[in-house]
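# Results of the structural survey
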Amino acid sequence: MEEVVSRWRESLAEARARGKMVRVVGKDSKGWLPWCRRGADEVVFSMQDWQGVVRYEPSELFVTVRAGTDVAEVEEMLAERGQWLGFEPPPGSVGGATASGWSGPGAWRYGSLRGAVLGVRLLDGAGRLLRFGGEVIKNVAGFDVARLVVGSWGRLGAIVEVTWRVWPKPAAVRTLCFEMGEGEALAFADRLRPRALPLSAFFWSNGRLWLRLAGGERAVAHGREEVGGEEVEEEMAAALWRQVRALDGEPWRAVPEGMALWRLAVPPGTPPLGMGKILACERGGTVRWVLVPAGEEGVWKRAEEVGGWAWRWTGEGPWQQRRQGAVGEIEERLQAVFDPEGRLSGGPWGREE
Amino acid sequence: MGRDWEAMLSARVRAWEEGERLFRVEREETLAQLRATLPREVLRWQPEEVAVYECDGLPALRERPLAVALPRDTAEVQEVLRVCARLGVPVVARGAGTGLSGGALPCRDGVVLSLARLNRVLEVDPVRCWARVEAGVRNLAISEAAATFGLFYAPDPSSQVACTIGGNVAENAGGVHCLKYGVTVHHVLEVRGFTVDGEEVVLGSTAEEEPGFGLLPLVVGSEGMLAVVTEVTVRLLPTPPAVECVLAAFDSVRAAGEAVAAIIAAGIVPAGLEMMDRGSVAAVETFMPVGYPKDAAAVLLCEVDGRPEEVEEELPQVLDLLHTHGAREVRVARNAQERAQFWAGRKAAFPAAGRVSPDYYCVDGTIPRRALGEMLEAIAEMEQRYGLRCLNVFHAGDGNLHPLILFDGSREGEWERAEAFGAEILERSVALGGTITGEHGVGAEKINQMCVQFSREERAVFFGVRAAFDRDGRLNPGKMIPSLPRCVEYGRMRVRGGALPFANLPRF
Ligand SMILES: Cc1cc2nc3c(=O)[nH]c(=O)nc-3n(C[C@H](O)[C@H](O)[C@H](O)COP(=O)(O)OP(=O)(O)OC[C@H]3O[C@@H](n4cnc5c(N)ncnc54)[C@H](O)[C@@H]3O)c2cc1C
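In what follows, the accompanying structure is described. (Residues numbered from 1 in each chain as written. Chains lettered and ligands numbered in written order. Predicted model: local features only at pLDDT ≥ 70, side-chain atom pairs only at ≥ 80, totals over all residues. Heavy atoms only, no water.)

## Brief notes about the overall build of chain B
Scanning chain B from terminus to terminus reveals 18 helices and 18 strands. Projecting the C-alpha coordinates of chain B onto the three principal axes gives extents of approximately 65 × 60 × 45 Å. Within chain B, the fraction of its 508 residues that count as buried is 62%. Here the analysis covers contacts within chain B between residues at least 6 apart in sequence; of these, 72% occur between residues at least 24 apart. For chain B, the accessible area works out to roughly 18600 Å², and carbon and sulfur atoms hold 49% of it. Positive and negative side-chain charges of chain B, numbering 54 and 71 respectively, have mean locations separated by a distance of 4 Å. (Helix = DSSP H or I, 4+ residues; strand = E, 2+ residues; numbered from the N terminus. Buried < 20%, exposed > 50% of the residue type's maximum accessible area, 1.4 Å probe, protein only. Contact = heavy atoms within 4.5 Å. Areas by Shrake-Rupley, 256 points an atom, 1.4 Å probe, with all protein chains shown as cover. Lys, Arg positive; Asp, Glu negative; His and termini not counted. Charge placed at Lys NZ, Arg CZ, Asp CG, Glu CD.)

Here it is, written out as structure tokens:
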């Protein structure tokens, strides 16, 4: 640990001396995202070599891992004990997944990565090594800074170690496919939501809805009968969910010239937005991927109108808007608590003056 | 702004390092201004009117506030906050006052802001599966309102008939079903309210994720120190169609603990998993006989729920594991009524302690479950040393312990002994890799133990986070974050008293 701490302090000192910013990177698996491109005026701090599982207690449902560890490695270890990360973090390093706050398709059932974080160790912009939360599931001592750090993209500091809650792996998993349009799929989601079904993932794209069931053998068999659809062959289904989880398919990586990809988070029950070209819907329709002509800025407002918010995924930033008013000011002040000199860069918000 | 804030923050941190902040309040002027702004029925200030607000569920800590405001709507909430902001008066929000850590303990020169009258369920949406309610709505009332749609609100603290959703948000309350379903933070989508200056804030989002920093989880569990919550949108879940509850009796707490570990290791996450030791079983049986086996060293309640097929699959596995791990008696509730009876005993454990003893003090540490045996032995030793009895109730699935220390407050020095006993349990929890509070919060009660669990730098961060919402620290002052001199003093005291049991253990 001492080595990482002193390396971090050196990076901060170097940045200070040369009037630069510090950017934390893990495995650089998100380097394809525009807000993860490194600026020329940045000192890069890599967590890549800070690897290893610190503690894993299957019967206490947690695992503590160093930030540079590969998510896949953690999952392999859990699988040996019949457990998994229900929220399905993106591939890459554990620290990167946590800093991005992304969750995969399983979040529909198991909740987000943010909910699964029990504790973090953080090196902040003032060079302090801090620990918040812990390794137990029930813990309310102090403000929940561990979950504040989730999704902060390195702006509050470098995540050094993370404790995640884990789940038993469901005995049976089955994926069903339905031919249906966007509107029909969203209406279907509305009918499924209030029912006690063993659903674990929802993904619609290009005229097809994929539903994943997970649970005990019999529960899944019954669920399958209740919801209908065509059963998808296991390997093909696994490949599909892997792609959705890594955002590694056409909708995300093959954006046509002159177009921009947007991600909208909207309340459940929101009908089709009727804006641009809908590429995909996730998590019961609360995540929408939309293609609009580049430079079309009406998306921000449209998202707000339905009670959600927008995230520009390609092209030039800012990729996300900071909240206005009192909340926006609170965010700025919070950042200064962890990064008093304003040395940390990262995240889709652009840089404030 | 950046620079100013930075300068302000470091000045504030320095002040904090020097000692607790005292507010200079013009009492008469404050009362006069409140009375001029708000109708009589919204204000209380006569001693007999404010007496019931002197404490929360931790009656050992008491303070009489300057006034109590009971606004009827959010506009009045904002009025109260504005008057207090103008005059620099501290404010303590309050829900039902069931908190067990003195979190709603008033401030002598401050105003208690009760949200109890904001008690309307604004909306239950059976398609979006959420309920939008005012902060003063009782926890159970949400599930009651949702029941007609076959939905329920999962976090179910034992105090759910009385406690408010605003108080649940402030404490990140748990319940007996939180191992499987999660605690309050996992079920709140959006919170609306005001900063201490009366500025409106919306944190979180009904779109399930929030843009920017995660402020929602910061406010959940913030013990009423970051914002006054007036409205909460919570997620509702489909009511599981099948439920089975098992009661198992063991000859040792250790064996019961091993059975719990085996159930989880087998891939089952029960909806509820609760344990009571011999003393608490006896207390419950005296107070409210529900038929717990009184001669058992530990009684375990294990509930599985879900679809009928799931429950049919899991129940036999659970029964099998209980038997192979030494349960000498295993009963499955035959019907909903018997199941309710199994739970009634557990939910009555605290009041039962109040029947077998004039007073009890409920402790709330969490430990890694593997350390359960060690912790119980330590508690048994402490019972001897402090000369007080202790009953043990646990949320066994997640290692959250509720030792109930029995004492008689009318006897000289007994409360102080009980308090020291509790403090030692909490500090032992930290040493074992756990935490000083699993669900009841730090409040005024565990403020010294914050010095043990967190470093000076971590405490400075808490202070900074607080100041980002509330520059002067007027909202619920004196709670959760100890000042530096307090920790120094507490450290000295522990060393002097020879009560520093883990001096050579590295602290994280
Ligand atoms: C018998 C008994 C059993 C209990 N069982 C459990 C249990 O199983 N699990 C559990 O987690 N807790 C339990 N508790 C503790 C308590 O019920 C919870 O902490 C509950 O969430 C407190 O709610 P309240 O409305 O009574 O809040 P209060 O006690 O009034 O206040 C608690 C804190 O919240 C703040 N607050 C209240 N309302 C607001 C608001 N609207 N905005 C901002 N801040 C606010 C206050 O300032 C204070 O800091 C139990 C208590 C008792 C007496």
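Picking up after the structure, the text goes on.
## Thoughts on the side chain of Glu135(A)
Residues and elements named next belong to chain A. Mapped onto the secondary structure, Glu-135 falls in the loop between strand 7 (129–133) and helix 6 (145–149). Polar contacts involving the side chain of Glu-135 include one to the side chain of Arg-55, which spans 2.9 Å. Among the polar contacts listed, one links the side chain of Glu-135 to the side chain of Thr-64, at a separation of 2.6 Å. With sequence-adjacent residues up to four places away left out, Glu-135 is seen in contact with Arg-55, Phe-62, Thr-64, Leu-118 and Thr-163. (Polar contact = N/O pair within 3.5 Å; in protein donor to acceptor, adjacent residues only side chain to side chain.)

## Observations regarding the site of the ligand
Residues and elements named next belong to chain B. Contacts to the ligand come from 33 residues, most closely from Ala-93, Gly-95, Thr-98, Ser-159 and Thr-164. Within the backbone of Gly-167, an N or O atom sits 3.2 Å from an oxygen atom of the ligand. Measuring from an oxygen atom of the ligand, one finds a side-chain N or O atom of Asn-476 at 3.3 Å. Among the elements of the structure, strand 3 (91–94), helix 6 (165–171) and strand 10 (228–235) are those that each provide at least two residues to the shell around the ligand. Residue contributions to the shell around the ligand peak at five residues, all from helix 6. Each residue belonging to the shell around the ligand can be placed in one class, and the counts come to 14 nonpolar, 15 polar and four charged. (Near = heavy atom within 4 Å. Nonpolar A, V, L, I, M, F, W, Y, C, P; charged D, E, K, R; others polar.)

## So, the side chain of Asp56(B)
All names here are of chain B. On the secondary structure map, Asp-56 appears in the loop between helix 3 (47–50) and strand 2 (67–69). One buried charge, Asp-56, has no salt-bridge partner; the nearest side chain with opposite charge is Arg-94, at 6.3 Å. A polar contact is formed between the side chain of Asp-56 and the backbone nitrogen of Leu-58, at a distance of 3.0 Å. There is a polar contact of 3.2 Å between the side chain of Asp-56 and the backbone nitrogen of Ala-104. If near-sequence neighbours (up to four positions away) are discounted, Asp-56 is found in contact with Arg-94, Gly-97, Gly-99, Ser-101, Gly-102, Gly-103, Ala-104 and Leu-105. (Salt bridge = Lys/Arg side-chain N within 4 Å of Asp/Glu carboxyl O.)

## A look at the state of the cysteines
Residue and element names in this part refer to chain B. With the rule as written, the count across this model stands at one disulfide over all chains. Note on cysteine connectivity: Cys-451 is disulfide-linked to Cys-487, with sulfurs 2.0 Å apart. Because the sign of the S-S torsion sets the handedness, a value of about -80° for the bond joining Cys-451 and Cys-487 places this disulfide among the left-handed ones. Remark: Cys-487 occurs in helix 18 (residues 484–496) and Cys-451 occurs in helix 16 (residues 447–453); sequence separation between them is 36 residues. No difference in accessibility class separates Cys-451 from Cys-487, as the two residues are buried. The structure places no disulfide on Cys-302, whose sulfur is separated from the nearest cysteine sulfur, that of Cys-245, by 7.5 Å. (Disulfide = S-S within 2.5 Å.)

## Thoughts on the packing of helix 9 (residues 253–265) of chain B against helix 14 (residues 372–386) of chain B
All names here are of chain B. One can describe the packing of helix 9 onto helix 14 by two numbers: an axis separation of 9 Å at closest approach and a directional angle of 155°. In terms of orientation, helix 9 lies roughly antiparallel with respect to helix 14. Both helix 9 and helix 14 take part in a crossing whose hand is right-handed. Each of Val-253, Arg-254 and Gly-257 in helix 9 lies in contact with helix 14, whose residues at this interface are Leu-372, Gly-373, Glu-374, Leu-376 and Glu-377. Each residue belonging to the contact of helix 9 with helix 14 can be placed in one class, and the counts come to three nonpolar, two polar and three charged. (Axes fitted to C-alpha atoms, helices over the stretch in contact; angles between N-to-C directions. Parallel < 35°, antiparallel > 145°, perpendicular 65-115°, else oblique. Left-handed = near helix turned anticlockwise from the far one by under 90°.)

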